[in-house]
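Read off the chains here:
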Protein chains: 2
Amino acid sequence: MEPTSPSAIARLAAVQNHLSIQPCFHRHAIHNYKPTGPADLARERANASFKVEDMTEVILRGKENVEAMSVAYQLIQRDPDLRMREGHHYDLTRAEDREQTMRQIARTIELKKQIKDPRLRHALLMAMNSYSESYAMRMYVHDMLFKQALMLFGTAERQDKWMDDIENWRVIGCFAMTEMGHSSNLRGLETTSTYDSSTNEFVIHSPTLTATKWWIGMSGETATHTVAICQTVVDGKNHGINWFIVPLRDPKTGRLLPGVTCGDIGHKSSRQGLDNGWIQFTSFRIPRENMLMKWASMTSEGEFTPSPNPILSYATLIPERFTILGTSQVILSHALTIAVRYGAVRRQGNQDEQIMDYQTHYTSLMPGVAFVYMLNIVDRELFDKWNEVAEFAQTDAGAFMREIPDQHGVSAGFKGTLAWYATEILESCRRACGGHAYSSYNSIAGLIGDYGVITTGGGDNVVLMQQSARYLITALKWAQEGQKLVGSVSYFNNYKKILSSPKTSFQDPRDLLSHEFVVDVLSWACAKMTTELAAILTEAGKTNFDQAWNANQTELVRLADVHAWRYFLILYQRGIQREKNTSVYPQLRQMGQLMSTFAIHKHLDLFLEEGYFDGSHAKLIRQLFLDQCKALRKDAVPLVDAWAIPDFVIKAPIGKYDGNIYPAYFATVTAAQKSFDPPSYWHKYAAPLLNAPRPGAEKKNCKC
Amino acid sequence: MEPTSPSAIARLAAVQNHLSIQPCFHRHAIHNYKPTGPADLARERANASFKVEDMTEVILRGKENVEAMSVAYQLIQRDPDLRMREGHHYDLTRAEDREQTMRQIARTIELKKQIKDPRLRHALLMAMNSYSESYAMRMYVHDMLFKQALMLFGTAERQDKWMDDIENWRVIGCFAMTEMGHSSNLRGLETTSTYDSSTNEFVIHSPTLTATKWWIGMSGETATHTVAICQTVVDGKNHGINWFIVPLRDPKTGRLLPGVTCGDIGHKSSRQGLDNGWIQFTSFRIPRENMLMKWASMTSEGEFTPSPNPILSYATLIPERFTILGTSQVILSHALTIAVRYGAVRRQGNQDEQIMDYQTHYTSLMPGVAFVYMLNIVDRELFDKWNEVAEFAQTDAGAFMREIPDQHGVSAGFKGTLAWYATEILESCRRACGGHAYSSYNSIAGLIGDYGVITTGGGDNVVLMQQSARYLITALKWAQEGQKLVGSVSYFNNYKKILSSPKTSFQDPRDLLSHEFVVDVLSWACAKMTTELAAILTEAGKTNFDQAWNANQTELVRLADVHAWRYFLILYQRGIQREKNTSVYPQLRQMGQLMSTFAIHKHLDLFLEEGYFDGSHAKLIRQLFLDQCKALRKDAVPLVDAWAIPDFVIKAPIGKYDGNIYPAYFATVTAAQKSFDPPSYWHKYAAPLLNAPRPGAEKKNCKC
């Protein structure tokens, strides 16, 4: 067959260009005997523009913590009760994963007593959290949810009764909030606690199937107690939701108490080592004292005193939402370490380039790397502030009341915005590793599974973004009424000035490198959107409020996103001021600048639509974003190295520190294979097909 | 504690508004005894604006196919060799999943002989493909990859020798292209086939570790043969890549042949029932005749005749890439059926709304529903065209050569663009199901896992998008040279006119409902981007070409995306013309209009940046998009019903047809639990903690 015209020949030549089969295998053959990966990573490290150790000190907050984390990782790697004993994590059955996780917990409880240095004790927990998501979640459920609920809602006397048992896991606690039919909407919860004054007891009951407590971590197999949130009914009157300590299992036998039914939630997207479960209560009686009565309380006569302010019961949700920053940092740092190292080792293309040098590759990964640094820095800012506010609760009620709305608004908006972007980064990591991310042994798929619970759990992101938007609408109203706002919305104090300021006419993209300029741009966008949306909602009036809200839901969510990015950038900028005297401050600043451009770039259509920027500005912004990603790409490998996560924690051969990835990957795969004999199903189902007589063939074995 | 100022009280009131604990559980209690789900779905169905049966006929191409599919599903559901025997699919171990998949294959081979109606035979395969992704992939590897390679590259004589064995699975074939170190770059493949004229044999050899054939479906445990792509070396000269039939296992024993090492790839993100594997050849000899010599050939003396045109060897990749439309349709239709039904049944919020009525909810799901319809309609257009082109290969070489570049360009761009959007839809489905998507038993997580291989496998999307962009740049050059272009780029014939046409000044958003208007807009964008990018690349010249390409890679990928959407919309519009006389044509048209707006909306920043639209246009477009999604939401449930996927195939209780989801979900979870006794690890690791003596407590059992 021959082409029939010169133009057809030209076309084919062009297509062949894509599909050329010129052999170039010799080059490959050479670099596979002498693998290029280690040399590539060594070169990337030699070219680092900063000292990796200095960056690690910033990340871990000082040299002593770096040392402690290093020892903690040694402890894990050496102790057969802490580490994975054989094979790869993703080959564990659910039962094996559960056993391993509980074994790790039992061992850390022992170690807690043995380790005298509080810094190392803390480091061990941090290192274990990085090593195993299931472990982290079990500890979180017991320590953060169960214990914190007792601390926040329980009286001192109740705390005294329980605390030592909790610290030493003589009780195993869980946190029963979510129900099968109700998650983000606490008002809709159905479980009841009905007071029986004749016995001085509450009767805990799940009146319907949808009232079944659902997803409750550790209720599946291990928890002996739970804190349960229930509608509190006294003399036929519902006093709303309160918290109760409810025993579930006999600690001697592990068997369920009569009146309590718990089961296992079964197979999940990930975190198989955590026994998520469900709980049904059937007229199960607990002493009145098991109600957590620090705020709301009830006498034995059934006299109910409500909490002085319901917000107190919810304050615990605020720091919980802030933990998104820590969780995201762990999961993203693993995924990005893998993707960045693989990107620097893998070579593909006409010139056998490191794939990390492709524009689409580094622009998809480098903002993610910078984002992890932001999470790390902003995390500290948030918790420092939260601890200050929580302290007010004991010392200065007025200050507490002034601060809490903003804490609530920030926690909701951050949880939504940051978790959504984190999800995008994980997908970028997956794609950046090509087909090899499809292998469980390279961990990316498991990390994505782990993270799957974050955007919908702990408050659905869409719901939280609307809470944040509602806070902004309300805050603007306060500002319009002349109140002085604090925290993330303090810029609304000047909303008139912001709105009347002229639209930008910047010519020099370097303006965008100014933190102040970027904040101004984002402030303008938020003030404008908030003003416009508030006007629409006001016009709708009370009766049509819900309808008007829903008709503008997409814009309200967008507003919350822009506002969250604005404040995230501000907190980062504030946070790195503490590091001004470190050698790595220039890199921290550089990442902040990249992410400023990222935030503007993300909402470019908004600025174009509102005429704040024109087409030529947009082109400058796009180009600046590409340039900044390219500049940061030079430090890609050192930046992930600085997170200092050991290979055995990352569990992904293609993300190995030394870059000699292929032998490690192959060894992992072959080690996982228990037998090279044909599997039993081969004999049952493949052999009969393969050895069926051909039609017309002599029936050699036929004796008929 | 009391608030200290009126403003503080006002703030708290606002926050309390988010967090109100007004009890509203009675309403829930009622609707849980009389579940609202079935009534909700019934109402949605009663309000359908079209006849679901008529839509199903369009989707399945006629009443007879609908009937055949229904019987095929019955066959599966009743036959214990085809169906899942007990429990839920995601509780199978890898070994059980493998056995089940091979059992299903053996049974369908038997059934193929028993079923005389070719329509039912075909329907059974379609239904099984929908029922099991692992089954579908095993069949695909054997039938589409292995067999097709023989058909396309093998001589008639070789085909005669093998075809009956292949049809009846007396050989089990696989397709060894990808290597550990090389995927999208075929030129870099390392496996060699070196001719030994003294024995008239090829020696197949994997010279390095990275040469290991990797991810090869069915090589892990079952395949007896493979088609392997190898660098062909004759007398020390490399003639480039060719295809060879290479035996792997003894069909009598299932054992590996000496010189062949295969292993299992192990645990993956999904599709555990498919035995992906790896293969290493160590000086393994095959007869010369096992080279597939329809195009390239070699005599026993080692005289090598290259293929008349290398494109022939690659033509098979084109229809393979088009299969993305079918695969995506299966996976997305499952996920969207689940998400849409759950969205209509789940109630949450102030007024206990169906969550499907929230703007962010329906705008995230309805374009996905319309997209699946587009995949279905465009699939037929593509294969009709491809079959015509493939026919030319035998009858009209000139026509074949004229058409093949466009087929190549379209297949590359569609694979990239459509698979990326499909990935977004799956993530939307996951979020739309909230926490319940995290349970494996609701299948969404598994579907996401299954789809994970698509965006990077079969040609990495980023690479394919660049192939498409390169084709566009080249096609523009042809147009500039005065050649007449065909297919997806035929609009470049008028590129001058397109570029000189005035920018839009539409005032009425209904203009956007015109297919012609939307195509004009997108044509303008593509012509402009292509012209500008071509100029940049031309200016860079040959020496700087790669560098200039990479500096504009993001824009090139964006160009490919806009172009692909443009042609996808055109093919859909063409495809639904065939349905003009059906009762559901208005709905098909409505979905096309929504997706036209979607495509414009997706690239709104581009149009704003280029000044094609201004801010007021953008607002009209945004509003139109919301309105169109809302309009289509009315038919959400009937539109997914029309795909007619039985519950047992969807395997997700929250996506059940009857809407009574909670009892089904609970039954699935409890059925999966084998024992309610404490697990063995409880005795080993939990009990010792729980029953450790309290400090200072009397040591009751101490006998010392």
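Residues numbered from 1 in each chain as written. Chains lettered and ligands numbered in written order. Predicted model: local features only at pLDDT ≥ 70, side-chain atom pairs only at ≥ 80, totals over all residues. Heavy atoms only, no water.

Participant: I keep staring at the UniProt feature "binding site: FAD" (unreviewed entry) in chain A and nothing clicks. Help me out?
Facilitator: All names here are of chain A. Residues given the UniProt feature "binding site: FAD" (unreviewed entry) here are Thr178 and Gly217. Spatially, the listed residues are clustered: although they cover 40 residues, their C-alpha atoms lie within 10.7 Å of one another. Among the structural elements, Thr178 can be located in the loop between β1 (173-176) and β2 (192-196). With residues up to four places along the chain from it excluded, the contact list for Thr178 reads Ser183, Thr212, Lys213, Trp214 and Ile216. (UniProt positions renumbered as here; feature names shortened; annotations may be inferred. Helix = DSSP H or I, 4+ residues; strand = E, 2+ residues; numbered from the N terminus. Contact = heavy atoms within 4.5 Å.)

Participant: Which parts of the structure should I look at to understand the pattern of salt bridges?
Facilitator: A side chain with one charge can pair with a side chain of the opposite charge if their charged atoms come near. Applying the stated rule across the entire model yields 95 salt bridges over all chains. Salt-bridge contacts for Asp275(A) lead to Arg138(A); the nearest nitrogen and oxygen are separated by 3.4 Å. You can see Asp275(A) sitting in the loop between β7 (260-264) and β8 (276-281) and its partner Arg138(A) sitting in helix α8 (residues 133-153), a full 137 residues away along the chain. Residue classification places Asp275(A) among the buried positions, given a relative accessible area of 0%. By relative accessible area, Arg138(A) is classed as buried at 0%. One salt bridge in this structure joins Asp384(B) and Arg578(B), with 2.7 Å as the shortest N-O distance. (Salt bridge = Lys/Arg side-chain N within 4 Å of Asp/Glu carboxyl O. Buried < 20%, exposed > 50% of the residue type's maximum accessible area, 1.4 Å probe, protein only.)

Participant: Would you mind going over the interface of chain B and chain A with me for this structure?
Facilitator: Accessible area lost when the parts come together is the quantity often used to give the size of an interface. Counting from both sides, the interface comprises 183 residues of chain B and, opposite them, 185 residues of chain A. Carbon and sulfur atoms supply 58% of the area buried between chain B and chain A, which totals about 15700 Å² over both sides. One salt bridge connects Glu609(B) with Arg622(A), and the closest N-O pair in it is separated by 2.7 Å. Among the elements that take part in the side of chain B that touches chain A, helix α13 (residues 397-432) of chain B stands out by supplying 13 residues, more than any other. In terms of residue class, the side of chain B that touches chain A is built from 76 nonpolar, 65 polar and 42 charged. (Buried area = accessible area lost by both parts, 1.4 Å probe. Nonpolar A, V, L, I, M, F, W, Y, C, P; charged D, E, K, R; others polar.)

Participant: Would you take a moment to explain the pairing of strand β6 (residues 237-247) of chain B for this structure?
Facilitator: Side chains on a regular strand alternate between the two faces of the sheet. Residues and elements named next belong to chain B. With eight of eleven residues buried, β6 is to be regarded as a mostly interior element. Examined bridge by bridge, strand β5 (residues 225-234) and β6 share nine bridges and lie antiparallel to one another. Bridge pairing links Val233 to Asn238 in β6. The turn linking β5 back onto β6 is made up of two residues, and Asp235 within it adopts a positive phi angle of 50°. (Pairing = 2+ DSSP bridges.)

Participant: Any chance you could explain the relation of the copies chain B and chain A here in plain terms?
Facilitator: Mapping one chain copy onto the other needs a rotation about an axis and a shift along that axis. Under the fitted operation, chain B is carried onto chain A by 0.0 Å of movement along the axis and a turn of 180°, and the coordinates agree to an RMSD of 0.0 Å. Considering both components of the superposition, the chain copies are consistent with a two-fold axis. Of the C-alpha atoms belonging to chain B, the one lying closest to the rotation axis is found on Asp605(B), 2.3 Å away. Of the residues that chain B buries at the interface, 100% are likewise interface residues in chain A, meaning the two copies contact each other through the same surface. (Least-squares fit on C-alpha atoms with pLDDT ≥ 70 in both.)

Participant: What should I look at first to understand the UniProt feature "domain: Acyl-coenzyme A oxidase N-terminal" (unreviewed entry) in chain A in this one?
Facilitator: Here the UniProt feature "domain: Acyl-coenzyme A oxidase N-terminal" (unreviewed entry) sits at residues 52-172 of chain A. Regarding residues 52-172 of chain A, the helix share stands at 77% and the strand share at 0%, and the terminal C-alpha atoms are separated by 41 Å.

Participant: Is there a simple way to think about the side chain of Lys147(B) in this case?
Facilitator: Its location among the elements puts Lys147(B) in helix α8 (residues 133-153). The contact partners of Lys147(B), leaving out residues within four places of it in the chain, are His142(B), Met163(B), Ile166(B) and Glu167(B).

Participant: Mind showing me how you'd approach the sheet that holds β8(A) here?
Facilitator: Backbone hydrogen bonds hold the strands of a sheet together, and the pairing may be parallel or antiparallel. Residue and element names in this part refer to chain A. With respect to topology, three strands assemble into an open sheet ordered β4-β8-β7, the strand pairing being antiparallel. Strands at the two margins of the open sheet, each flanked by one partner only, are β4 (213-217) and β7. Shown here is a sheet whose adjacent strand axes are inclined to one another by a mean of 35°, direction ignored. Judged from the three bridges that link them, β4 and β8 form a sheet pairing that is antiparallel. Considered in β8, the bridge of Lys213 is made with Ile279. (Axes fitted to C-alpha atoms, helices over the stretch in contact; angles between N-to-C directions.)

Participant: Quick question: what am I supposed to make of the domain arrangement of chain A here?
Facilitator: Residue and element names in this part refer to chain A. In terms of domains, chain A is made up of domain 1 (53-131), domain 2 (171-310) and domain 3 (317-641). Between domain 1 and domain 2, the C-alpha centre-to-centre distance is 32 Å. Tallying the contact residues gives five residues for domain 1 and ten residues for domain 2. Taken over both partners, the interface formed by domain 1 and domain 2 buries close to 670 Å², and the fraction arising from carbon and sulfur atoms is 48%. For domain 1, the biggest contributors to the area lost against domain 2 are Arg94, Arg98 and Met102; these three give 77% of the whole. The interface formed by domain 1 and domain 2 holds two salt bridges in total. The salt bridge partner of Arg98 is Asp264, with a shortest N-O separation of 2.7 Å. In this assembly, domain 1 and domain 2 are joined by six residue pairs in polar contact (both at pLDDT 80 or more). (Domains from an automatic or database assignment. Polar contact = N/O pair within 3.5 Å; in protein donor to acceptor, adjacent residues only side chain to side chain.)

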